[in-house]
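Structural characterization, general
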Amino acid sequence: MRISVSSRLSCVTLDKFPMLNHSVKLKIFLISAFALFIGAIFKAIENDFIVVIADVLMVGIFLLAAFQEATKRERNPSDFFILQMVTGLYMLVVYRSPDVIYLWSYPLVMVYYFLLPHQKAITLNAILVGWSALITYTFMPVEHLARFFVTLSTASVFAYSFSVLVARQNRVLKQQAQTDVLTGLANRRAMETELETELSRLKRYKGTSCLMILDIDHFKSINDSFGHATGDKALNALASMVKQRLRKSDRIFRYGGEEFVIILPNTELQHGVLLAEYFRELVSHSELIDEVNLTISVGVTEMVIGEDWKTCFERADRHLYVAKKQGRNRTISDKEDFLQIINGGAS
C-alpha cells in the first residue's frame, strides 16, 4: 500500500524537546520584566536611583529576550548570556539594598534551572548563593545568614532535582517519539531531522551522499493472505537484515507502512545503486519468513548540495514509483548509466 508523497510531507516535525518551549520562556521573560518594573517604581519613590537604574536595565534585558523569543530571530542572545547580565545586576542591587535579597534570590534560582543546561545553571547558582551569603553576613545579623543559606540551598537543590527529572523525561519522550514501535528503527520524524542534518553537512563540507527508499512489493496482499502478524514479521525481518549490513555511519528508518529509508553518507550514486541491488537480490533469494517469498523495489538518488530534504526525498520516491510501474523487484536511480535493472520474477 503506497502512501501519497503529499500526505507524508505534511507530517509535522516534532520539536527537539527543549527544556521549555517558546511560549513558556516568553511568559517567564515578560513576567520577570513586569515584576522588576514594579520594583523599580517603589525604589524610585524611595529615591534609590542606582537600584532603579539596575532594575530598569534588567527590565530591558528581559524585554529584549522576550522580543527575540517572540520573533524567533536567528541571532538571539543566549539564555546564559542574558542570565549572566541579570545576575550581575542582581549583585549590584542587593549590595545597594540588602533587604531585597529575599525577594529576588529564590525566583532567580528557579529561572536558572528552567532556562539553562545543568552545568551553566549550577555555575550561576553558586555565584548567586556565594554573593547572597556574603551580603547577608555583611549587612544583616549573623543568625540570618544560617537561615538564608539553608533555605536558598534547599531551594537550589529542589530546582536542580526537578530540572534533572524533566530533562530525563524529555530524553525518554524524544526517544519514544522518534522510534518505530514495531521494528525499533528510527521513524519518519527522525528521518526528516537526520536528512536535513546530512544535507547541511554536505553544504558545509561538500562530498557525495545518497538516499535510498526500499518498499516491500505486494505488502497488502501479504497482510490479506497471511494476516497482519505475518506482515509484521516481514517488516521486522527485512529491517533486521538490512540494518545488520549497513555501516555505522549509515542510518535506516521505517518511514511508514512497508517503506524504509536509508541515508548513506559519503556514498557515490553508483555505490548506492550497487548496495540497493545487493539488498534486492538478497531479499528475493532469502526466505525471511515461512511460506512467503518477499521482493523489494528500490529508489536511489544522490543528494544535491543546497537542496532541501523534501526535494531530495521526492526524487528518490519518484524513482521508487517508476520501479513499481516497471514491474517491481528492481532498482531505479538518477542516471540510466547506473541503472542495474534485474528482473527477478517480478509481477
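How each quantity is defined
Residues numbered from 1 in each chain as written. Predicted model: local features only at pLDDT ≥ 70, side-chain atom pairs only at ≥ 80, totals over all residues. Heavy atoms only, no water. Pairing = 2+ DSSP bridges. Helix = DSSP H or I, 4+ residues; strand = E, 2+ residues; numbered from the N terminus. Core = buried A, V, L, I, M, F, W, Y, C linked by side-chain atoms within 4.5 Å. Buried < 20%, exposed > 50% of the residue type's maximum accessible area, 1.4 Å probe, protein only. Contact = heavy atoms within 4.5 Å. Expected span 1.5 Å × (residues − 1). Patch = residues over 30% accessible without salt bridge, like charges linked within 9 Å, V, L, I, M, F, W, Y side chains within 5 Å. Areas by Shrake-Rupley, 256 points an atom, 1.4 Å probe, with all protein chains shown as cover. Salt bridge = Lys/Arg side-chain N within 4 Å of Asp/Glu carboxyl O.

1. A closer look at the sheet that holds strand β3 (residues 259-264)
Judged by pairing direction, the sheet is mixed, and its 5 strands sit side by side in the order β2-β3-β1-β4-β5 without closing on themselves. Each having just a single partner strand, β2 (251-256) and β5 (331-332) make up the two edges of the open sheet. Pairing geometry for strand β1 (residues 210-216) and β3, over 6 bridges, is antiparallel. Bridge pairing in β3 links isoleucine 213 to valine 261.

2. Concerning the nonpolar core
Core analysis: the largest hydrophobic core is formed by 38 residues, its most contacted members being Leu83, Val86, Ile101, Tyr112, Leu116 and Leu128. Within the residue set of this core, elements represented by two or more residues are α2 (22-45), α3 (49-71), α4 (79-96), α5 (101-115), α6 (118-139) and α7 (142-177). In this structure isoleucine 101 touches Tyr90, Val94, Ser132, Ile135, Thr136, Met140 and Phe148, once residues within four positions along its chain are discounted. One finds Met212, Ile216, Ile222 and Ile262 within the second-largest nonpolar core, a separate group that totals 31 residues.

3. Section: α4
For an α-helix the count is 3.6 residues per turn, leaving residues at separations of three or four pointing the same way. With 18 residues, α4 should reach 26 Å at 1.5 Å per residue; the first-to-last C-alpha distance of 26 Å fits that figure. Those residues of α4 that sit buried are Asp79, Phe80, Ile82, Leu83, Val86, Thr87, Leu89, Tyr90, Val93 and Val94.

4. A few points about α6
In this model α6 runs 31 Å from its N-terminal to its C-terminal C-alpha over 22 residues, within 8% of the 32 Å that 1.5 Å per residue would give. Those residues of α6 that are buried lie in contact with α4, α5 and α7.

5. Section: a nonpolar patch on the surface
A cluster of nonpolar side chains, contributed by Phe34, Phe37, Ile38, Ile41, Phe42 and Ile45, occupies part of the molecular surface with about 630 Å² of accessible area. For isoleucine 38, the position within the fold is in helix α2. For isoleucine 38, a relative accessible area of 32% translates into the label partly exposed.

6. Remarks on the side chain of asparagine 125
With respect to the helices, strands and loops of the structure, asparagine 125 is situated in helix α6. For asparagine 125, the residues in contact, after removing those within four places along its chain, are Val109, Tyr112, Tyr113 and Ser156.

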